[in-house]
Amino acid sequence: QVQLVESGGGLVQAGGSLRLSCAASGRTFSSYTMGWFRQAPGKERELVAGISWRGGRTYYIDSVKGRFTISRDNAKNTVYLQMNSLKPEDTANYYCAADRAQHIGVATAAGSYDYWGQGTQVTVSS
């Protein structure tokens, strides 16, 4: 069992930055593909960014390309999401998730992920 704990959310003005962190328990973090999902009220949960278990492949949804960066530190069992140039439409609850299937790339469907954090709220004011 893996436990994921997100931190770093908050309220920020449009154009600002936030850095989300997700700390994982257990000794197998390096074997998991990690993803950051978000869900806004009335909308489906969507994968914002993902990083493969070896770190060599990343995925970004089109709306965040060039603004968000996902990274991982396997020595610290932590995955990060650096969010720059934030927009009001980025407002959502952000969830960290782990996929133990060791795909070559990054799975984009929420159903592919086995473990989830509790979420951290990001609110961007205009």
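For the structure, check the block above.
Since the structure is predicted, the reported quantities are computational estimates derived from the model, not experimental observations.

Now for the side chain of Thr78. Mapped onto the elements, Thr78 comes out in strand E8 (residues 78-83). Among the polar contacts made by the side chain of Thr78, one reaches the main-chain carbonyl oxygen of Lys76 at a distance of 2.8 Å. Discounting residues that sit within four places of it in the chain, Thr78 has contacts with Ser21, Cys22, Ala23, Phe29, Ser71, Arg72 and Asp73.

Now for the environment of Thr120. Take Thr120: it is sitting in strand E11 (residues 120-125). Excluding residues within four positions of it along the chain, Thr120 makes contact with Glu6, Ser7, Gly8, Gly9, Leu20, Ala92, Asn93 and Tyr94. Here the side chain of Thr120 touches Gly9 through a polar contact of 3.2 Å, landing on its backbone nitrogen.

The next point concerns the pattern of salt bridges. Taken as a whole and judged by the stated rule, the model has five salt bridges. Residue Glu46 pairs with Arg38 through a salt bridge whose shortest N-O separation is 2.8 Å. Residue Glu46 is classed as partly exposed on the basis of its relative accessible area of 30%. By relative accessible area, which is 7% here, Arg38 ends up buried. The partner of Asp114 in a salt bridge is Arg100, with the nearest N and O atoms 3.6 Å apart.

According to the stated counting rule, one finds one disulfide in the structure shown. Put simply, Cys22 and Cys96 are joined by a disulfide, and their sulfur atoms are 2.1 Å apart. With the S-S bond torsion at -75°, the cross-link from Cys22 to Cys96 turns out left-handed. Here Cys96 lies in strand E9 (residues 92-99) and Cys22 lies in strand E3 (residues 18-24), a separation of 74 residues in the sequence.

Here we take up the packing of aromatic side chains. Across all of its chains, the model carries four aromatic pairs by this definition. With a centroid separation of 4.8 Å and 55° between ring planes, the pair formed by Phe37 and Trp116 is classed as tilted. Here the residue Phe37 occupies a position in strand E4 (residues 33-39), and Trp116 occupies one in strand E10 (residues 115-116), the gap between them amounting to 79 residues. Relative accessible area serves as the criterion here: at 1%, Phe37 is assigned to the buried category. Linked through ring pairs, Phe37, Tyr113 and Trp116 together constitute an aromatic cluster. Just above the ring of Trp116 sits the side chain of Arg45; from NZ or CZ to the centre is 4.8 Å.

Parameters at a glance
- Throughout this description, residue numbers start from 1 for each chain and increase along the sequence as written.
- Whole-chain, interface and lining totals are the exception, using all residues; otherwise, since this is a predicted model, local features are given only for residues with pLDDT of at least 70 and side-chain atom pairs are given and counted only at 80 or more.
- Values shown for side chains rest on all heavy atoms present in the structure; no hydrogens or waters enter the calculation.
- Secondary structure is summarised from DSSP: a helix means a run of H or I of at least four residues, a strand means a run of E of at least two, and numbering begins at the N terminus for each.
- Nitrogen and oxygen atoms within 3.5 Å of one another constitute a polar contact, given that in protein one can donate a hydrogen and the other can accept it, and given that sequence-neighbouring residues count only through two side-chain atoms.
- The contact definition used throughout considers only heavy atoms, calling two residues in contact when any of these lie within 4.5 Å.
- Whenever Lys or Arg places a side-chain nitrogen within 4 Å of a carboxyl oxygen from Asp or Glu, that contact is recorded as a salt bridge.
- Accessible area is worked out with a 1.4 Å probe on protein chains only. A residue is then buried under 20% of its type maximum, exposed over 50%, and partly exposed in between.
- Cysteine sulfur pairs qualify as disulfides if the two atoms are within 2.5 Å.
- Pairing of aromatic side chains requires ring centres within 6.5 Å, counting the rings of Phe and Tyr and the six-membered ring of Trp. Pairs whose planes differ by under 30 degrees are stacked, by over 60 edge-to-face, and all others tilted.
- Two limits define a charge over a ring: the Lys NZ or Arg CZ must be within 6 Å of the ring centre, and within 35 degrees of the ring normal.

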